[in-house]
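# Coordinates in review
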Amino acid sequence: MTGALSRGSIIERLLSGDLVVSPILSEVQLGASSVDLRMGTVALMARAGSQSHVDPAAYLSGNAHQAAQTRQQKHERFEVPFGATFLLHPGSLVLVPTLEWVRLPKNLQGVVTARSSWAREGLNIATATLINPGYQGIITLELANFGEIPIRLCPGLRIAQLALYTLATSATFDATLAGQFDMSFSPRAGNIADEDEVFIKRTLRAGRS
Amino acid sequence: MNARDFLKQEHDNVKQLLEQSLRYEYGFEGSQEFFEECGTRLSFISQWLGSPDELVADDLANIGYQLNELSKLICRIERSSLGEYSWPFVEELKKLATGICTEDGLEGQYPPKIYVLAGGGLDAYRIYPEMRRPMASRRRLLTIVFPKTLKHFVLLHPILGHEIGHALWGCTKQQAHLVGKVLSVLKRLGGKFESEDVTAVHLFDSQAPHDAQAALAALANLRVDEANFFGQWARWEFWLDEILCDLVGLATFGPSFAAAQCGLLSTLDPAGVTTGRMHPPVGWRINLVLRAAELLNLSEPPPDPHPLRQSFLAFWDELQRFRRPEPWFNVFDDNQIVDALDGIFQLLNQYPPSGYPKTDFDALGELVQQLANGVPPIGFHMSEGGAPVCSRVDFRHIVYAGWISRHSLQPHSFDITNRLCEHAIMQQIAIDTAMSQP
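Residues numbered from 1 in each chain as written. Chains lettered and ligands numbered in written order. Predicted model: local features only at pLDDT ≥ 70, side-chain atom pairs only at ≥ 80, totals over all residues.

### Overview of the overall build of chain A
Which entries qualify depends on this criterion: Elements are defined by DSSP. Helices are runs of H or I of four residues or more, strands are runs of E of two residues or more, and each kind is numbered from the N terminus. Any residue surrounded by 20 or more other C-beta atoms within 10 Å of its C-beta is treated as buried, while 12 or fewer makes it exposed and the intermediate range makes it partly exposed; C-beta atoms here are placed from the backbone. Throughout, a residue-residue contact means that the two C-beta atoms, derived from backbone geometry, are no farther apart than 7 Å.
Each helix and strand in chain A was counted, giving 4 helices and 15 strands. Across the 209 residues that make up chain A, the buried fraction comes to 29%. Here the contacts in chain A between residues at least 6 apart in sequence split such that 81% fall between residues at least 24 apart.

The following block contains the structure:
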């Protein structure tokens, strides 16, 4: 049977240990068919001044120094402990972790969306919303302020929600399918050139402008 | 330029240095408190230097000392600015250090100001207490240093319990207690630390293991022998301080301190026989801490059967492998160890949560089980009725669970275990915050 998990099914899965969302600080986090997720304690923000544009070629493994430098200098990391706040300006994008540690079984897929109350304030939570079956770790939220005034955020706020869907068949799961963000403890930049080097190199050879 | 003018110039230089230090971000709490404290001290110095009265040599020396210390501290902080470190662990560590290092002053109590740095090398773990407060109305600065490479390795961070001992020793208020109730016990008549001479006799004992004798023989090239060992080479009082601080570490962090100490010290000095100028042989310290842990009943296993029992026993068995069997490594008798620990706990118990809280095996077992499942170990579970249930867990038990889980059937790598425990300490702070709401 496939479809979205109801509150009762989510609780059943949590009780069996099959599904992990830890911790759930309050019963209000368990919605009719979703679990609310709280903001964690790190914010990773792109350094606007350090790059002219996002360039997949900068991630190519050929130039180890440049690739490493691009990775290291791409983001500014802010520790935002409980009690502190982070101001998200209009048009800005910031990566934050969830407070919760999540582990999905092989027959569940997760979808992360904004809580509607925050969306109405202009806060967009995630564009890459799918959580693969078998994933474990924090979930990285891609927060963007679509409104016209800055939004003050603080760790512990319920800003996102996780809906869960059963798959028709369990995913066959091995290390190669784990994805580059499996077992994440905090947000980090991805590798946009990963496994696509052939196209980027072809563009370079053609003398891209 | 006379001394007063030179100090005025140096005051301006230090002030500029302080302002320049704001070019960087310093961890999650920023540097505001530290900046303001240094700024206040500099304005005192400025007033002092600007007073119409003549300044005597003592005044000038005092001002020079204070400027020097501020300058060194600001430079060290700027060199080791951190963007990322294990702040959840630091937040808990601060709770331990703040109570016991709070001092009385003119207008009440003065808790220390704590600042975190990163250093290079495995031996970078330090807590630098300011040796003297600049004046009775100022707070003491404590700087905590973590090895940069081990920033997320919370299982090793309990080694800072030893450094809490040094910070305690730096507190005028606590020193008298430590001298009367702990050092006096360690120096008890008939013991191997009765005096410098007695310790030297034991150190150079012909029954000492060969590797220890070889290490001491190497010192003969420096014309160091039994007669002048503690005058020319090592400082006996500092050796005693180190031993006292090891016991404070065990009393604050419990088994995790013993595990971190055995692991780190044995890595830095695998044979455990090197005699440092300030440190007694590592083997003496390890044997002392392991025996002290036994005398505190920390190694007493859960009843049989208990799901935790096997990995618990394996954890303590592994620690025992660090113990050197030769009697030369045992420098205190059980009565001394028990009495010294009593003295330390008398002090720590006045400042909860400084003393290590005893473990509930069931709760510890649940934490270990969570780790085995690849989940950060915290006080959270779902009740049978399907409601989320949160509970308080001391961060030292999270770390202890991390150590024990290393001996479960399918342990995670040391790195992952540390990251899970670090994450758990952060999550537990959220749980405690949520539970503190009325």
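Anyway, onward from the coordinates.
### As for the environment of Y115(B)
All names here are of chain B. One can find Y115 in strand β3 (residues 113-119). Judged by local crowding, Y115 falls into the buried class, with 22 C-beta atoms found within 10 Å. The spatial distance from the C-alpha of Y115 to the C-alpha of Y400 is 25 Å, given a sequence separation of 285 residues. When residues no more than four places from it in sequence are discounted, the contact partners of Y115 are F34, I77, L141 and T143.

### Observations regarding the environment of A84(A)
Residue and element names in this part refer to chain A. If you trace the backbone, A84 turns up in the loop between β5 (75-79) and β6 (86-88). On the basis of neighbour count, A84 is assigned to the partly exposed category, with 14 C-beta atoms found within 10 Å. Put simply, A84 and E121 are 37 residues apart on the chain and 20 Å apart in space, counted from C-alpha to C-alpha.

### Side note on the domain arrangement of chain B
Worth spelling out the cut-off: Domain start and stop points were drawn from an automatic or database domain assignment.
Per the domain assignment, the segments of chain B are domain 1 (1-81), domain 2 (175-348) and domain 3 (361-435). For domain 1 of chain B versus domain 3 of chain B, the distance between C-alpha centres works out to 44 Å.

### Re the pairing of strand β4 (residues 126-129) of chain B
Residue and element names in this part refer to chain B. What counts, and what does not: Any two strands with at least two DSSP-identified bridges between them are counted as paired.
Alternating positions in β4 separate cleanly, I127 and P129 being buried on one face and R126 and Y128 remaining unburied on the opposite face. Sheet topology note: the β4/strand β5 (residues 141-147) ladder contains 4 bridges and is antiparallel. In the sheet register, Y128 faces β5, and the bridge partner there is T143.

### What about the packing of helix α5 (residues 160-169) of chain B against helix α10 (residues 236-253) of chain B?
All names here are of chain B. What counts here: Axes, fitted as lines to C-alpha atoms, cover a helix only where it is in contact. Angles between the N-to-C directions of the axes lie from 0 to 180 degrees. Any angle that falls under 35 degrees is termed roughly parallel, while one over 145 is termed roughly antiparallel, one within 65 to 115 roughly perpendicular, and all others oblique. Note on convention: near helix rotated counterclockwise from far helix by under a right angle means a left-handed crossing. Clockwise means right-handed. Amino acids outside the nonpolar list (Ala, Val, Leu, Ile, Met, Phe, Trp, Tyr, Cys, Pro) and the charged list (Asp, Glu, Lys, Arg) are all regarded as polar, and Gly is one of them.
Packing of α5 against α10 leaves a shortest axis separation of 7 Å and a crossing angle of 120°. Taken together, the axes of α5 and α10 are oblique relative to one another. Considering the relative orientation of α5 and α10, their crossing is right-handed. Mapping the contact onto sequence places G161, H162, I164, G165, H166, L168 and W169 in α5 and D241, L244, C245, D246, V248, G249, T252 and F253 in α10. For the contact of α5 with α10, the class distribution of residues is 7 nonpolar, 6 polar and 2 charged.

### Observations regarding the interface of chain A and chain B
Where the parts come together, the accessible area they lose is often given as the size of the interface. Facing 24 residues of chain A, the contacting portion of chain B comprises 25 residues. If one sorts the elements of the side of chain A that touches chain B by residue count, helix α1 (residues 7-16) of chain A sits on top with 3 residues. Per-class residue counts for the side of chain A that touches chain B are 14 nonpolar, 6 polar and 4 charged.

### Section: helix α15 (residues 361-372) of chain B
All names here are of chain B. In plain terms, the rule: By this rule, a helix spans an expected 1.5 Å times one less than how many residues it contains.
The end-to-end C-alpha distance of α15, which contains 12 residues, comes to 16 Å, matching closely the 16 Å that a straight helix rising 1.5 Å per residue would cover. Taken together, the buried positions of α15 are occupied by L364, G365, E366, L367, V368, Q370 and L371. In this fold, the buried residues of α15 make contact with α13 (309-320), α16 (395-405) and α17 (414-435). The positive-phi residue at the C-terminal boundary of α15 is G374, with phi of around 75°.

### Digging into α16(B)
Across the 11 residues of α16(B), 11 count as buried, placing the element largely inside the fold. Regarding α16(B), the residues found buried are F395(B), R396(B), H397(B), I398(B), V399(B), Y400(B), A401(B), G402(B), W403(B), I404(B) and S405(B).

### With respect to the sheet that holds β5(B)
All names here are of chain B. Pairing within the open sheet is mixed, and its 3 strands lie in the order β3-β5-β4. Two strands lie at the open edges of the sheet, namely β3 and β4, each paired on one side alone. Taking each pair of neighbouring strands and ignoring which way they run, the sheet shows an average axis angle of 20°. Examined bridge by bridge, β3 and β5 share 7 bridges and lie parallel to one another.

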